[in-house]
Amino acid sequence: MSTYETMSYHLETERLILRPWADSDAAEFCALLSERGKGTPTVEHIRTSIANLLSATEATGIALLPIQRRDEGDFIGYCGLIIGRSTVEEPEIAYELFQRAHGHGYATEAARAVLDAAIATGRKRLWATVGSWNAPSFRVLEKLGFERDRVTTDDSGEVVWLTRPLP
Ligand SMILES: CC(C)(COP(=O)(O)OP(=O)(O)OC[C@H]1O[C@@H](n2cnc3c(N)ncnc32)[C@H](O)[C@@H]1OP(=O)(O)O)[C@@H](O)C(=O)NCCC(=O)NCCS
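Quick caveat: nothing in here was measured; it's all calculated off a predicted structure.

Conventions and cut-offs
- Residues numbered from 1 in each chain as written.
- Predicted model: local features only at pLDDT ≥ 70, side-chain atom pairs only at ≥ 80, totals over all residues.
- Heavy atoms only, no water.
- Helix = DSSP H or I, 4+ residues; strand = E, 2+ residues; numbered from the N terminus.
- Rg over C-alpha atoms; globule rule 2.2 N^0.38 Å.
- Buried < 20%, exposed > 50% of the residue type's maximum accessible area, 1.4 Å probe, protein only.
- Arc of directions from axis to C-beta.
- Contact = heavy atoms within 4.5 Å.
- Polar contact = N/O pair within 3.5 Å; in protein donor to acceptor, adjacent residues only side chain to side chain.
- Pairing = 2+ DSSP bridges.
- Near = heavy atom within 4 Å.
- Areas by Shrake-Rupley, 256 points an atom, 1.4 Å probe, with all protein chains shown as cover.
- Nonpolar A, V, L, I, M, F, W, Y, C, P; charged D, E, K, R; others polar.
- Phe/Tyr/Trp six-rings, centres within 6.5 Å; stacked < 30°, edge-to-face > 60°.
- Lys NZ or Arg CZ within 6 Å of the ring centre and 35° of its normal.

Enquirer: So what about the overall build of the protein? Which residues, and what values?
Expert: For the protein, the count of helices and strands is 4 helices and 8 strands. Listed N to C, the secondary structure of the protein is β-β-α-α-β-β-β-α-β-α-β-β in terms of helices and strands. The C-alpha atoms of the protein give a radius of gyration of 15 Å, which matches the 15 Å a tight globule of 167 residues would have. Projected onto the principal axes, the alpha-carbon positions of the protein cover approximately 35 × 35 × 30 Å.

Enquirer: Before we move on, can you summarise helix α1 (residues 26–34) with the specific residues and values?
Expert: Within the sequence span of α1, burial applies to Ala26, Phe29, Cys30, Leu32 and Leu33. The buried residues of α1 all sit within an arc of 160 degrees when viewed along its axis, so they share a single face. Buried residues belonging to α1 abut α2 (43–60), β4 (75–82) and β5 (92–97).

Enquirer: Talk me through the environment of glutamate 96; I want residue IDs and the actual numbers.
Expert: Turning to its location among the elements, glutamate 96 is positioned in strand β5. The exposure class of glutamate 96 is buried, given its relative accessible area of 16%. Beyond its immediate stretch of four places on either side in the chain, glutamate 96 contacts Leu32, Leu33, Arg36, Ile76, Gly77 and Tyr78. Of note is the side chain of glutamate 96, whose polar atom sits 2.6 Å from the side chain of arginine 36. Reaching out from glutamate 96, the side chain makes a polar contact with the side chain of tyrosine 78 at a distance of 2.6 Å.

Enquirer: Describe in detail the pairing of strand β7 (residues 147–154), supporting the description with residues and values.
Expert: As paired strands, β7 and strand β8 (residues 157–165) are joined by 7 bridges and run antiparallel to one another. Across the sheet, residue arginine 148 finds its bridge partner in β8, namely leucine 162.

Enquirer: Can you explain the side chain of threonine 57? Please cite residues and give values.
Expert: Residue position: threonine 57 is located in helix α2. For threonine 57, a relative accessible area of 15% corresponds to the buried category.

Enquirer: An account of the site of the ligand is requested, with residue identities and associated values reported.
Expert: Close to the ligand lie 19 residues, the nearest being Gly103, Thr108, Asn134, Arg139 and Lys143. Its free accessible area being 970 Å², the ligand has 64% of it covered by the protein chains. Those elements giving two or more residues to the shell around the ligand turn out to be β5, α3 (106–120), β6 (125–131) and α4 (135–143). Broken down by element, the shell around the ligand gets its largest block of residues, 6 residues, from α4. A class-by-class count of the residues in the shell around the ligand yields 8 nonpolar, 8 polar and 3 charged.

Enquirer: Which residues make up the pairing of strand β3 (residues 64–69), and what are the values?
Expert: When a strand is regular, its side chains alternate between the sheet's two faces. Most of β3 sits inside the fold, with 5 of its 6 residues counted as buried. The pairing of strand β2 (residues 16–18) with β3 spans 3 bridges and is antiparallel. Bridge pairing in β3 links leucine 16 to arginine 69. Taking the residues that link successive antiparallel strands as the turn, the β3-β4 hairpin has 5 residues, and the phi of glycine 73 there is positive, at about 75 degrees.

Enquirer: Any details on the packing of aromatic side chains? Residues and values, ideally.
Expert: Considering all chains together, one arrives at 5 aromatic pairs under this definition. Aromatic side chains tryptophan 21 and phenylalanine 29 sit 4.7 Å apart centroid to centroid with 45 degrees between the ring planes, which places their arrangement in the tilted category. For the pair formed by tryptophan 21 and phenylalanine 29, the shared burial category is buried. Taken together, the ring pairs connect Trp21, Phe29, Phe75, Tyr78 and Phe98 into an aromatic cluster. Above the plane of the ring of tryptophan 161 lies arginine 150, whose end atom (NZ or CZ) is 4.1 Å from the centre.

The structure is reproduced here in C-alpha cells:
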C-alpha cells in the first residue's frame, strides 16, 4: 500500500458528477468502447472490465470514475487516475467521452476535478500518455497545465508523455 490518502470517488463540478461504477453502467460503457471502432465488446466482457477496475481501485486507492451530466443524468464517459504506463505514486490521468459529448469542455471540467482529487491524496506529480495524433487530448492537458516530457514508441505507435507537478 502506498502512503497516499485514498482518492475521493465522488466528485462534483458545475455540470458533472463523477461517482463509482455501478453494474447498470455496463451497457453505456460498452457503447462508449464501441466508438473506438474496433468492434463491440460483449456486456459480459464489460462486466468483467468493471470488476477489474473496482479491484484495481481496491488495491491502489485511485480510480477511473464514470462521468454523469447533472442536468441530463446521463453517462457521458469516464475520467480518473490509473497506473497505466506509470506508477501508483505518479499515476496517469485518463478520460474518454462519447462523441456526442465532445466539444463542450466536459473533459477539461472532469479532469480538473480529478486533478484536485489527486492533490488531495498528497501526490506530487501526474502523468498523461497520449497518441501523437490526439490533438483534442493535448489541448485538454494544456488547459490543465501539463507539459511535454518525452516521446516513446510502443504497439500503439508514437506516445507523448506529459507531466504536471502538483502543489
Ligand atoms: C479527448 C477528449 C476526452 C476531449 O473531450 P472534450 O470534452 O471534447 O474536451 P474539451 O471540450 O474539454 O476540450 C477539447 C479542446 O480541444 C480542442 N480541439 C478539439 N479538436 C481539436 C483539433 N482537431 N485540433 C486542435 N484542438 C482541438 C477544443 O477546441 C478544445 O479546446 P478549447 O477549449 O481551447 O476550444 C475526447 O475527444 C475523447 O473522448 N476522445 C476519445 C478518447 C481519447 O482520445 N481519450 C484520451 C486518450 S489520451
